[in-house]
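These are the residues of each chain, in order.
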Amino acid sequence: MAVVSTSLKSAPEDLPEAWHQERRSVSVLGSTGSIGCNTVDLLARNPDAFSVEVLTGNRNVKLLAEQAVRLKAKRAVVADESLYGELKSLLSGTNIACAAGEDAIIEAGAHPSDILVAAIVGTAGLKPTLEGARRGALVALANKETLVSAGALMTQEVKNGGATLIPVDSEHSAIFQVFDFERVQAVSKITLTASGGPFREKSLDEMQAMTPEQAVAHPNWDMGAKISVDSATMMNKGLEMIEAFHLFPVPSEAIEVLVHPQSVIHSMVSYVDGSVLAQLGTPDMRTPIAFALAWPKRMSAPSETLSLADIGTLTFEAPDTVRFPALRLARECLQTGGAAPTVMNAANEVAVAAFLGRKIGFLDIARVVEKVLDEGGLEPLSDLDAVFAIDAEARLRAAAVIDRL
């Protein structure tokens, strides 16, 4: 079982010199996505605290160029090679270097910076994130799939590179903030809270008819389409269970999920003496991002101040694994181990894309994932090449299942 980082038990004065400097250098992978835009907002508000090395985006070159100019970034990289000319034109007259393509994205992860914000959605973020770990960066991880698909390999690279992994997911950030790494044996369980998504009170019949527009309309959080659909199926919470297993030194059976519709308590850690420590806040991703950027210190963030008196009531309920089978599938994959989480994640990405493309229904997402898992191929992962090979095969199998629906 992996510990978040070999550096986490260090006292602040023992941390690398760069983390004591007034100004840290930052690279943002996926700056045009939801997490990336929130990160850019924080960096723009704190120009004296951060300098920006590299920003990367997928296809939104206009926004990428605007961000690069706003933050005075040294380099901007677009994943789609066909958009290189447009990016170069948009940044003409600036001193900002341009690059494009998958190799350039990977190089962005390897480019020297104190902090690497890993916010690319899906397994596309795995290689550049690993590069950041290998060079010993503080990796602010917002990419669930990196740990789900290659958790053991990723955490080993973090240790080998002397890197530090700080989770940016609100749930894992919450656990990180109240987890006693010095007395792990005192922890009895960790609890990931879930909003329940937009379909928390819908019946199976109602969910079958739900549209992509309804699925991405999250009641509390402003997120990208893929993550929003994962929230609606509760696959996001399944992914987070697996992620938590690799981030925190607890057994899989000590990781629980609790539905908390108000999204005020972001997660909890229970201790053997009966104490339960929780991190609370308004549902604003700039809070956990700010925590990661400033760690081991804290920085101001523009998030709305939490007022429990105004909220009045906090409610909780057990998750329904019948209406939301993705949670059951994720638990089974966590217990199976090996390539099971890799296969599940790949099949889910394909199924979600098919749903957003209106090729399958909402409930078909979990059905596709389960059918692919039932086909086997869940042997242990030997190396990164095996991860990508299994991922690619699972995507082909998922596409074939979708064609048969």
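It should be emphasised that the depicted structure is a prediction, and the values quoted were computed from it without experimental measurement.

**So, the pairing of strand β3 (residues 75-78)**
Direction of pairing for strand β2 (residues 50-57) relative to β3: parallel, over a ladder of 4 bridges. By the bridge assignment for β3, T56 is matched with V77. Where β3 and strand β4 (residues 97-100) come together, 4 bridges link them in parallel fashion. Bridging from a neighbouring strand, A76 pairs with C98 of β4. In the classification by handedness, the crossover that spans β3, the intervening helix α3 (residues 84-90) and the parallel β4 is right-handed.

**A short note on the nonpolar core**
Grouped together as the largest cluster of nonpolar side chains are 125 residues, with contacts concentrated most on L87, F179, I190, F248, L293, M344 and F362. When residues of this core are assigned to their parent elements, the largest contribution, 10 residues, is made by helix α15 (residues 340-356). Sequence-distant contacts of M344, defined by excluding residues within four places in its chain, comprise V148, M235, L239, I242, L329, A330, C333, V369 and L373.

**Section: a nonpolar patch on the surface**
The grouping of L280, L308 and I311 at the surface amounts to a nonpolar patch, some 230 Å² of accessible area in total. Within the secondary structure, I311 is located in helix α13 (residues 308-311). Residue class for I311 comes out partly exposed when judged on its relative accessible area of 35%.

What counts as what
- Residues numbered from 1 in each chain as written.
- Predicted model: local features only at pLDDT ≥ 70, side-chain atom pairs only at ≥ 80, totals over all residues.
- Heavy atoms only, no water.
- Pairing = 2+ DSSP bridges.
- Helix = DSSP H or I, 4+ residues; strand = E, 2+ residues; numbered from the N terminus.
- Right-handed = clockwise from strand over helix to strand, strands pointing away.
- Core = buried A, V, L, I, M, F, W, Y, C linked by side-chain atoms within 4.5 Å.
- Buried < 20%, exposed > 50% of the residue type's maximum accessible area, 1.4 Å probe, protein only.
- Contact = heavy atoms within 4.5 Å.
- Patch = residues over 30% accessible without salt bridge, like charges linked within 9 Å, V, L, I, M, F, W, Y side chains within 5 Å.
- Areas by Shrake-Rupley, 256 points an atom, 1.4 Å probe, with all protein chains shown as cover.
- Salt bridge = Lys/Arg side-chain N within 4 Å of Asp/Glu carboxyl O.

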